[in-house]
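The primary structure of each chain is shown beneath.
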Amino acid sequence: MCAEPLLRVEGVCAKYGDFLAVAGASFEVPAQSIVSVIGANGAGKSTLMDCIAGVHKPVSGRILFKGEDITGLSPNGVVAKRLALVPQGSRCFTRMTVEHNLLMGAYPKHARAGRGERLEKVYELFPMLREKRKDLSGSLSGGQRQMVAIGRALMSAPELILFDEISLGLAPTVIKDIYQRIRAINREGVSVVLVEQDVARSKKTSAYSYIMLRGEMVLSGPSKELDDEKVKNAYFGVR
Amino acid sequence: MAQAVLQGILLGGVFAVVGIGMSMIFGIVKLANLAHGEFFILGAYLSMLFAGQLDISPLLTLVIVVPLMFVAGYALQGALINRVLGMGDEPPLLITFGLSFILQNVLLLIFSADPQTLKTTYQLKTIVVSDSLIVPVLYLVNFIVGALVILILGLFLRFTYTGQAIRAVSDDNMAASLMGISVKRSYSIAMGIATSTAAVAGVVIGTTFTFYPYTGSEYLLVAFGVVVLGGMGSIPGTLVGGLVFGLARTIGSQVFGTNYQMMIGYIILLAMLMIRPQGLFSK
Amino acid sequence: MSRRMKTEYGVFAVVLAVLFVLPLTGAASDNAMRIAFNIALYAVFAQMWNLMCGYAGLLSLGQQMFIGVSGYATAVVCTSYGMPFVLGLLVSGVVSALLALFLSVLLLRMRGLYFAIATWIVSEMIKILFTGWKLVNYAGGMTIRVTPYPTLSQQFMLILALAAASFLLVQAMLRSKIGLGLAAMRDDPDAAAGLGVNIFKMKTLCFTVCGFVTGIGGSIAYLNRLSVFPNGAFAIDWTIAIVFAVIIGGTSTATGPIVGAFVYVLLFNFLSRYAGYSNIILGVIAIAVIVVAPKGIMGTLQNRFKFELFSSTRPSLD
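The present account deals with the structure reproduced in this document. (Residues numbered from 1 in each chain as written. Chains lettered and ligands numbered in written order. Predicted model: local features only at pLDDT ≥ 70, side-chain atom pairs only at ≥ 80, totals over all residues. Heavy atoms only, no water.)

**Digging into the pairing of strand β1 (residues 7–16) of chain A**
All names here are of chain A.
- Here β1 runs beside strand β2 (residues 19–29); their pairing, made up of eight bridges, is antiparallel. Counterpart to K15 in the pairing with β2 is L20.
- As paired strands, β1 and strand β4 (residues 60–65) are joined by five bridges and run antiparallel to one another. Opposite R8, over in β4, you have L64 as the bridge partner. (Pairing = 2+ DSSP bridges. Helix = DSSP H or I, 4+ residues; strand = E, 2+ residues; numbered from the N terminus.)

And the structure:
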């Protein structure tokens, strides 16, 4: 019998106004794995992630994390369960220094103990952040801000991190660099969900992939076994 | 003139406190609290009540007034304003407008329209510096109280978890919620701070000038001026805004007479709104 | 004109005619006439505030400046110079319109909230100026002497005509190209500007119309009140009452301001027996409406029963 996955999303539907952005999406994330959710702009990926993180309330469906139902929990409730979201566009606190940003990540009560060591670990992972720790995060480049956002998520001692389009608008070398760190984070035992528009890169990094189209998962399988042609068709909705 | 400048600066410290709560709510909740002036004047009336009942100095009543006003602001935000956020800009604004009207009339009902002052033992004392320059102890005490409030608030926002959470919410409330911060609770705390700082300013101003239930709206415009001049959510900006308005008032009253004492302040405020509505201290 | 519109305007004309004839029959008591006068007066003010806030996106907290200036203009023209009331009425409208036009240049580039505060500040400034102005007897106020002084019935007919005119004017504006531009502007100001909608010009027009009509209303209001003082004339209370009426009636609806004026005046009249408490109760009602039914009476009814009286939405916009 298969072990219970770390995260299980069952038939989640979510609306933006009257528009059904997520239409019954289901997927699973096994413990300690990297899973990618791939889809074009407007496929509903971000809304789905927002639902998991508690930022957006789904209209139906269930979200189970570590076997517990976390559907409709507030964002602080979700963080307390050790599930973190790195939101699209990094969303750093631009008027705070890099270090204060990171420390904000350790705001949840469970994360306050040992935040010093975790800060040290984040600095080891991203030495650049240590150099710039006194700078306002608003003064950083896009890639550096993503690093702040990742470090900030790590500070809450999560067991699962959702990365929402982390590579959006970044230079290829920077993206490569960030992906290396994500793999390093995963090796430390943190599970990862990569939300991407970039098929090749996310397939290469993840063990398992889902293709999302118009609010649903239309194709899934172990990343290595997924046929490129089929992925392409699913991605664009070609039958 | 030197006398007017000195008094203007001392008054500015208090005006900064009048504005600081408004500035916080503006920066954090993105709301102009039109009832801010009424909270300010409510502070003065509460102080009058407790000072009379307990026979203590108005400044001592702050020990009771501040927590009371904090609870009032916290409850108001949680029970009322948080509900209508996200319904557009107008509903929350109009709720505070309605609240200002209600509070004004409640004060009128309880305390009548008679002008009041808070009496202190030091209200007539002065420190003579030179022939043309005397420091009224009242103004000096007010300034010190004002400076203390701003200092404490600054330290709170910088060094406590709650304070940092409030700053994070003001920066990006969605990201803040991902950090496990309850945005609505932060709003409520910010409102509590805003109402209690307004009340401190009210008590201090109440020892210096006469007040009546309608005084609130006059000081709402002072608060707004301080915010617009200083930029929302900026503590140093608020201080500068307060000083400018304090000076505008004392100098205006010296040059144009008391009828026009607010005129310079209004003109500055209007000019700021036209030229640089984001304030001098915002990016 | 569609059939439905014909019916709507037909009913409107009949109701108007009945109201117009009402005072001539002598069936209404003086007290009833006073209430009717105030309803029509607030319908005018509310109509104009709704044009600004509900359609042009300009939340004004300074309507009292037009009312106050008009009260004084009427006093100066009629009392100081002994001119007939018609002239006082016209001067009031023109002065208020010019004030609005002048302020357009200064204030209309401000975004929502700043505009609201700025209009309030300007009103306060005008109050200070009038308090220190010899021509208008400083803070002492002025009496308004008009000969021959119109009867209450005549005053009512006058304000009723203005109320009807202001309603039709707003309807006409919304149905014209201006209405289209305003709708586009409310949906997406940047896109509207990109499409060549001259937002500034459109807002200026709305603000000036608002000044003109509110000014004429203010003149009639002070004809009724007989004296004008700076503290009362430029009191924010005017705007509070107007905002209350529009919120209760329903912002951005054609008939909301009229319904709101009705409710406000009747409620105010009813509550006046609870002196001291009446304003508090009014304030509580307003807040409750904002929280429970933010669209007001007409907006809520229209949503529930899926109809819209005097609809100005064009099918092409949907």
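**Digging into a nonpolar patch on the surface**
- On the surface, L109 and I110 of chain B together with F270, Y274, Y277 and I281 of chain C cluster together into a nonpolar patch covering about 570 Å² of accessible area.
- Secondary-structure assignment places I281 of chain C in helix α13 (residues 278–292).
- Classification of I281 of chain C by relative accessible area gives partly exposed; the value is 32%. (Patch = residues over 30% accessible without salt bridge, like charges linked within 9 Å, V, L, I, M, F, W, Y side chains within 5 Å. Areas by Shrake-Rupley, 256 points an atom, 1.4 Å probe, with all protein chains shown as cover. Salt bridge = Lys/Arg side-chain N within 4 Å of Asp/Glu carboxyl O. Buried < 20%, exposed > 50% of the residue type's maximum accessible area, 1.4 Å probe, protein only.)

**What to know about the side chain of Q104 of chain B**
Residue and element names in this part refer to chain B.
- Its place among the elements puts Q104 in helix α4 (residues 90–111).
- Among the residues examined, Q104 registers a relative accessible area of 8% and is labelled buried.
- Leave out the neighbours within four places in its chain, and Q104 touches E38, P213, Y214 and S217. (Contact = heavy atoms within 4.5 Å.)

**Overview of the sheet that holds β1 of chain A**
- Across the sheet, which stays open at both edges, the four strands sit in the order β2-β1-β4-β5 (chain A) with antiparallel pairing between neighbours. What marks the edges here is a single partner per strand, and that holds for β2 and β5 (68–69) of chain A.

**Focus on the interface of chain A and chain B**
- Tallying the contact residues gives 22 residues for chain A and 19 residues for chain B.
- Buried area between chain A and chain B, both sides added, is near 2,100 Å², and the carbon and sulfur share of it is 60%.
- Contact with chain B buries area across many residues of chain A, yet F93, R95 and Y107 of chain A alone supply 30% of it, more than any other trio.
- Where chain A packs against chain B, one counts two salt bridges.
- Remark: the boundary between chain A and chain B carries five residue pairs in polar contact (both at pLDDT 80 or more).
- At the level of elements, α1 (45–53), α2 (75–80) and α3 (98–105) of chain A are the ones that each hand at least two residues to the side of chain A that touches chain B.
- Per-class residue counts for the side of chain A that touches chain B are 12 nonpolar, four polar and six charged. (Buried area = accessible area lost by both parts, 1.4 Å probe. Polar contact = N/O pair within 3.5 Å; in protein donor to acceptor, adjacent residues only side chain to side chain. Nonpolar A, V, L, I, M, F, W, Y, C, P; charged D, E, K, R; others polar.)

All we've got here are geometric facts, nothing functional implied.
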